Protein chains: 4
Amino acid sequence: MSSARLETFADGVFAIAATLLILNVNDAEGSLTHIWPQYVGYAASFLTIGIIWVNHHTVMDQIDHADRTFLMITVGFLMVVAFIPFPTRLVAENIQGDGARAATIAYGITLTLTAALFNAIWFYAARGGRLLRPDADPETVRGISKTFVFGPWLYLALTVVAAIDPVVGAIGFGVFALFWVIESSVFGRDRSHRSAER
Amino acid sequence: MSSARLETFADGVFAIAATLLILNVNDAEGSLTHIWPQYVGYAASFLTIGIIWVNHHTVMDQIDHADRTFLMITVGFLMVVAFIPFPTRLVAENIQGDGARAATIAYGITLTLTAALFNAIWFYAARGGRLLRPDADPETVRGISKTFVFGPWLYLALTVVAAIDPVVGAIGFGVFALFWVIESSVFGRDRSHRSAER
Amino acid sequence: MSSARLETFADGVFAIAATLLILNVNDAEGSLTHIWPQYVGYAASFLTIGIIWVNHHTVMDQIDHADRTFLMITVGFLMVVAFIPFPTRLVAENIQGDGARAATIAYGITLTLTAALFNAIWFYAARGGRLLRPDADPETVRGISKTFVFGPWLYLALTVVAAIDPVVGAIGFGVFALFWVIESSVFGRDRSHRSAER
Amino acid sequence: MSSARLETFADGVFAIAATLLILNVNDAEGSLTHIWPQYVGYAASFLTIGIIWVNHHTVMDQIDHADRTFLMITVGFLMVVAFIPFPTRLVAENIQGDGARAATIAYGITLTLTAALFNAIWFYAARGGRLLRPDADPETVRGISKTFVFGPWLYLALTVVAAIDPVVGAIGFGVFALFWVIESSVFGRDRSHRSAER
């Protein structure tokens, strides 16, 4: 399968998972201002999926073709991404109550798995240049490898924080999503200008 | 990232957000004629998203490539567009009751933010021709810049009206969507014929 | 806008509207065999949207480009197609009870409007060859014009039947969807072989 | 219709059906650990749809064009695939209760029909090379024909098992999905490397 076709399917899952998040927002449990955790949860998860979408394209830009193992890892990865709306709702509905700990841990585990499977996608493709394009940019390849490795550990650390103090953990997930957006857009400008010209 | 790929993802979010609006329509609270505000809300928001879709393509037609800042602004923009189904349901369910004011204000704020982020997309790309195509049509570029600036202020004004009289505000949002559709299709015919031939 | 881009958006709405139909199927109101009207409703509406999708491509194959009026008619058309899941649920849930008449009439009006707007799309594009491809096949163009005209009247007739006897009307909608599938696939084989080779 | 256009629509339905599965996961009926059957059901059905997606592309890679009969069989096939979320929820919610037998049988019938219609797609296209590409690989064509034939019988057998012992049947469906993923990714590596290079 060409990598273009794979991206179409992945983009579909990203777009649907992000858009379905709105179904979690409802005013059954309080006034429009009282349900602010739902707005924060919506924004944090939408931005997280948005960043995953952007990074997925950065990765796919370096990839020439897909084999069936790669497809199956991607299906597993998309399965976890499409799961994000569920723990998002859990956190939004329970952060101010008894279920806060279980909810934030569930959120953290989901994002840790997402990051881990994203690593699996990348390192399966990059090891020995297995699926990379012949003209893949060595610097970009090394850059992705260096950055991606931290993802799962960071989310795992936030999950541990959430297990100790759910509110601090939840703030951590939100701040991390925001940090990624700002880092990408402000500091990543030079980098992307260059690669966009390809 | 090429602008074509960005459009595929954006189109996915537009299509899903518009189609999800139907999930807000239900007859749990009255007979099929009694729930007419739900039909009006569905139509107004579907048309609004449809117009956003058309305008987004007009913008993207002038754009050559995307950098990461542009991608992140677009993700933020899509986040607000995908939020539209929620205040739509609020207005449809509450316009005849106590929650009418809060609901129409929420609707107005969402559309104001949508218009503001649409401006951010455009002016980030157009300032100094940063992301424009080398052969971008100067007249079209100036036309977009001139029209877009009014969007957020118009929606903000309607939001203020909704805060004073929710029913008048709601009618305003509906009339404005309809006006856009008619303006686009009847008066915009010459303009678009020309650009469609490109 | 190129017609290819328009088709991507329309295909997205078709695919989502058809797939959302499954959310209407639930066993809250009876055993798995007792809810058979839900299965029939799901199948009838899925097939109807599937046929609309196939026919939309037949139409778009003859079209060269889109102007803004054409886009706006298409948005209106998609708005009605995306509405189909709602009356489908109404019919499935009420066909054996008091609300059968209102439900089947709502279903009929939705499909009548869908067919009417599909006509609007076609005749706006075809009148004087306004948006047709320079090499559009005159025979196919005449064939579409001849067939499409009947659609709204047929659905209107079925709606009148449904107003008199809801069960007969509902059977009529189901039979008509099935007839279209069979007609298309069995009798339309020669026709499509030819056009597919283009 | 070109086979590329057909794939876009099919991919849309696959992506939406898979992503909608998350709407079945909810904690209304118990704690986050108590609802483990929902996680297993989500994973099994997501992987099953993922494998269908991969196999559908393998099939479409051999196909040159589509006629209307082929389109209609595909619509029927997608109708059954988009139905999968419903029996998935049934199994997840009832596997530990009275409705386990009916739920697993419903799941089995859905997957049996999916496999049967997938066969109909393939053998309609392949019989006498009707819709195959002129340069279709005879070995791949023979390979697909040989493998596909078993699908419906395997699912039918699992359905019979589910009718006798629902829990054993449910485990069977899960194991079979997992087996397919592993078989595809580990043993299918050589095969796909080759075809991916096309």
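Above: the structure in question.
Presented here is an overview of the structure given in this document. (Residues numbered from 1 in each chain as written. Chains lettered and ligands numbered in written order. Predicted model: local features only at pLDDT ≥ 70, side-chain atom pairs only at ≥ 80, totals over all residues. Heavy atoms only, no water.)

### Observations regarding the overall build of chain A
Regarding its fold elements, chain A presents 9 helices and 0 strands. Secondary structure elements of chain A occur, N-terminal to C-terminal, as α-α-α-α-α-α-α-α-α. In terms of overall size, chain A behaves like a compact globule, its C-alpha atoms giving a radius of gyration of 18 Å where 198 residues would be expected to give roughly 16 Å. Dimensions along the principal axes, computed over C-alpha positions, put chain A at roughly 55 × 30 × 30 Å. Relative to its 198 residues, chain A shows a buried fraction of 59%. Looking at chain A alone, contacts between residues at least 24 apart form 77% of all its contacts between residues at least 6 apart. Total accessible area computed for chain A in this model is approximately 7900 Å², and 65% of it derives from carbon and sulfur atoms. Here chain A contributes 13 positive and 16 negative side-chain charges, whose respective centroids are spaced 8 Å apart. (Helix = DSSP H or I, 4+ residues; strand = E, 2+ residues; numbered from the N terminus. Rg over C-alpha atoms; globule rule 2.2 N^0.38 Å. Buried < 20%, exposed > 50% of the residue type's maximum accessible area, 1.4 Å probe, protein only. Contact = heavy atoms within 4.5 Å. Areas by Shrake-Rupley, 256 points an atom, 1.4 Å probe, with all protein chains shown as cover. Lys, Arg positive; Asp, Glu negative; His and termini not counted. Charge placed at Lys NZ, Arg CZ, Asp CG, Glu CD.)

### Overview of the arrangement of the chains
Here chain A and chain C are not in contact; the least distance found between their C-alpha atoms is 9 Å. With no contact between them, chain B and chain D keep their nearest C-alpha atoms 9 Å apart.

### Some remarks on the packing of aromatic side chains
Counted according to the given criterion, the structure contains 60 aromatic pairs over all chains. For the ring pair Phe-14 of chain C and Phe-77 of chain C, a centre distance of 6.3 Å and an interplane angle of 80 degrees mean the geometry is edge-to-face. Pair noted here: Phe-14 of chain C is in helix 1 (residues 3-20) and Phe-77 of chain C is in helix 3 (residues 68-81), with a separation of 63 residues, a long-range link. Ring geometry for Tyr-155 of chain C against Phe-173 of chain C: centres 6.4 Å apart, planes inclined by 20 degrees, an arrangement best described as stacked. On the criterion of sequence distance, the pair formed by Tyr-155 of chain C in helix 7 (residues 150-164) and Phe-173 of chain C in helix 8 (residues 166-187) is long-range, its members being 18 residues apart. Through successive ring pairs, a cluster of aromatic residues spans Tyr-107, Tyr-155, Phe-173, Phe-176, Phe-179 and Trp-180 of chain A. The ring of Tyr-124 of chain A has Arg-130 of chain A lying over it, and the distance from NZ or CZ to the ring centre is 3.9 Å. (Phe/Tyr/Trp six-rings, centres within 6.5 Å; stacked < 30°, edge-to-face > 60°. Lys NZ or Arg CZ within 6 Å of the ring centre and 35° of its normal.)

### Quick look at the side chain of Ser-45 of chain B
Relative to the helices and strands, Ser-45 of chain B is located in helix 2 (residues 36-60). Those residues within four positions of Ser-45 of chain B in sequence are excluded, and the remaining contacts are Leu-21, Ile-84, Thr-88 and Tyr-107 of chain B.

### Description of the side chain of Thr-48 of chain C
Turning to its location among the elements, Thr-48 of chain C is positioned in helix 2 (residues 36-60). Those residues in contact with Thr-48 of chain C that sit more than four places away from it in its chain are Tyr-107, Leu-111, Tyr-155 and Ala-177 of chain C.

### Some thoughts on the relation of the copies chain A and chain B
Once turned by 90 degrees and shifted 0.0 Å along the axis, chain A lies on chain B with an RMSD of 0.0 Å. When the rotation and shift are considered jointly, the pair of chain copies conforms to a four-fold rotation axis. The fraction of interface residues of chain A whose copies in chain B are also interface residues is only 8%, indicating that the copies meet through different surfaces. (Least-squares fit on C-alpha atoms with pLDDT ≥ 70 in both.)

### Focus on the pattern of salt bridges
Residue and element names in this part refer to chain A. Counted under the stated rule, the structure contains 4 salt bridges over all chains. Taking the shortest distance from any N to any O, the salt bridge between Asp-135 and Arg-133 comes out at 3.5 Å. Residue classification places Asp-135 among the exposed positions, given a relative accessible area of 53%. In this structure Arg-133 comes out as partly exposed when scored by relative accessible area, which is 21%. (Salt bridge = Lys/Arg side-chain N within 4 Å of Asp/Glu carboxyl O.)

### Some words on helix 2 of chain C
Side chains that are three or four residues apart share a direction in an α-helix, a result of its 3.6 residues per turn. A rise of 1.5 Å per residue sets the reference length of helix 2 of chain C, with its 25 residues, at 36 Å; its end C-alpha atoms lie 36 Å apart and thus fit the reference within 8%. The buried fraction of helix 2 of chain C is high, at 20 of 25 residues. (Expected span 1.5 Å × (residues − 1).)

### Quick look at the interface of chain A and chain D
Each partner contributes to the interface: chain A provides 32 residues, whereas chain D provides 36 residues. The contact between chain A and chain D buries some 3100 Å² in all, and 75% of this surface belongs to carbon and sulfur atoms. Contact with chain D buries surface across chain A, with Phe-9, Arg-68 and Met-72 of chain A losing the most and accounting together for 25% of the total. Linking chain A with chain D are 5 residue pairs in polar contact (both at pLDDT 80 or more). Every element with two or more residues in the side of chain A that touches chain D is listed here: helix 1 (3-20), helix 3 (68-81), helix 4 (85-94) and helix 5 (100-126) of chain A. Broken down by element, the side of chain A that touches chain D gets its largest block of residues, 8 residues, from helix 1 of chain A. (Buried area = accessible area lost by both parts, 1.4 Å probe. Polar contact = N/O pair within 3.5 Å; in protein donor to acceptor, adjacent residues only side chain to side chain.)

### Quick notes on a nonpolar patch on the surface
All names here are of chain A. Among the surface-exposed residues, Val-149, Trp-153, Leu-156, Val-160 and Ile-164 lie close enough to one another that they form a single nonpolar patch of about 520 Å² accessible area. In this structure, Trp-153 sits in helix 7 (residues 150-164). Judged by relative accessible area, which is 59%, Trp-153 ranks as exposed. (Patch = residues over 30% accessible without salt bridge, like charges linked within 9 Å, V, L, I, M, F, W, Y side chains within 5 Å.)

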